[in-house]
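# Secondary and tertiary structure notes
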Amino acid sequence: MGLKRIIIGRKDIADFEKLNLYGIEVKIDSGAYTSSFHCHKIEKVLKDGVENIKCNFLDPGHEQYHEKEFCFEQFEIRSVKSSNGMVEERFSIFTEITIFKKVYPIEMTLTERPDMKHPVLLGRKFLSKRFLIDTSRKNLSFNQKLIEIIK
């Protein structure tokens, strides 16, 4: 018997409680291996003699942008190939995403691309073995959450 997978649409809305971000639009990107989060001012800093990654999530123009700075002592450097074939080095962090009323661990690369339409892209590494994608639908997790609130 195979794993039971949740149907997810091409877009949805998720929470990142550890980052104090709620109702964030996510785009399902089966073409991407890694998941990514748009940030503002990503930089490597020394904190108490230890290298950290410091950033602000989202962009100052985003309606849910808060000026809270986050520091991550645990991070990795990933080579990410973009859709145009260019490879870039990105910092990646580990956090949690809440979608379909369940909290999942997730690795996210940090990218500073203010032209991105959606601040979060969910890639195959996160989606695999958990979700099946129905590109004709969207906001299935968010709609499920609304139905629960209305009840």
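The residue count restarts for each chain, going from 1 along the sequence in the order it is written. In view of the model being predicted, local features appear only for residues whose pLDDT reaches at least 70, and side-chain atom pairs are presented and counted only at 80 or more, with totals across whole chains, interfaces and linings using the full set of residues. Hydrogen atoms and water are omitted, and side-chain values are computed over all heavy atoms in the structure.

### Remarks on the packing of aromatic side chains
For this analysis, a ring pair means two rings from Phe, Tyr or Trp (six-membered ring only for Trp) whose centres lie within 6.5 Å, classed as stacked if their planes differ by under 30 degrees, edge-to-face if by over 60, and tilted for the remaining angles. Evaluation of the coordinates by the stated rule reveals 10 aromatic pairs. An angle of 85° between the planes, with centres 5.7 Å apart, marks the rings of Phe-75 and Phe-91 as edge-to-face. In this pair, Phe-75 is assigned in the loop between strand S6 (70-72) and strand S7 (76-81) and Phe-91 in strand S8 (residues 87-99), connecting sequence segments 16 residues apart. With respect to burial, Phe-75 and Phe-91 carry one shared label: buried. Ring pairs connect the aromatic residues Phe-16, Phe-37, Phe-57, Phe-70 and Phe-72, which therefore count as one cluster. Numbered from the N terminus, helices here are DSSP runs of H or I no shorter than four residues, and strands are runs of E no shorter than two. For each residue, the accessible area found with a 1.4 Å probe, counting protein chains only, is set against the maximum for its type, and the residue is called buried under 20%, exposed over 50%, and partly exposed in between.

### A word on the state of the cysteines
The definition used for a disulfide is geometric: two cysteine sulfur atoms within 2.5 Å. Going through the model one piece at a time under the given rule, you end up with 0 disulfides. Cysteine Cys-39 remains unbridged, with the sulfur of Cys-55 as its closest cysteine sulfur at 3.9 Å. Among the residues examined, Cys-39 registers a relative accessible area of 0% and is labelled buried.

### Some words on the nonpolar core
By size, the foremost hydrophobic cluster in this structure holds 33 residues, and its most contacted members are Phe-16, Phe-37, Phe-57 and Leu-122. Every residue pair with non-hydrogen atoms within 4.5 Å of one another is taken to be in contact. Apart from residues no more than four positions distant in its own chain, Phe-37 is found in contact with Phe-16, Leu-19, Leu-21, Phe-57, Leu-58, Met-108, Thr-109, Leu-110, Thr-111, Pro-119 and Val-120. Put simply, buried Ala, Val, Leu, Ile, Met, Phe, Trp, Tyr and Cys residues joined by side-chain atoms within 4.5 Å make one nonpolar core.

### Some details on the pairing of S8
Remember that side chains alternate between the two faces of the sheet whenever the strand is regular. As defined by bridge partners, S7 adjoins S8 across 6 bridges and the pair is classed as antiparallel. Directly across from Glu-76, in S8, lies its bridge partner Ser-92. Hairpin connection between S7 and S8: a loop of 5 residues separates the two successive antiparallel strands, and Gly-85 in this loop has a positive phi of roughly 90°. The pairing criterion is simple: DSSP has to find at least two bridges between the two strands. Direction of pairing for S8 relative to strand S9 (residues 102-111): antiparallel, over a ladder of 8 bridges. What sits directly across from Ser-92, in S9, is Thr-109. Linkage of S8 to S9, two consecutive antiparallel strands, is achieved through a turn of 2 residues, within which Phe-100 is found at a positive phi near 55°.

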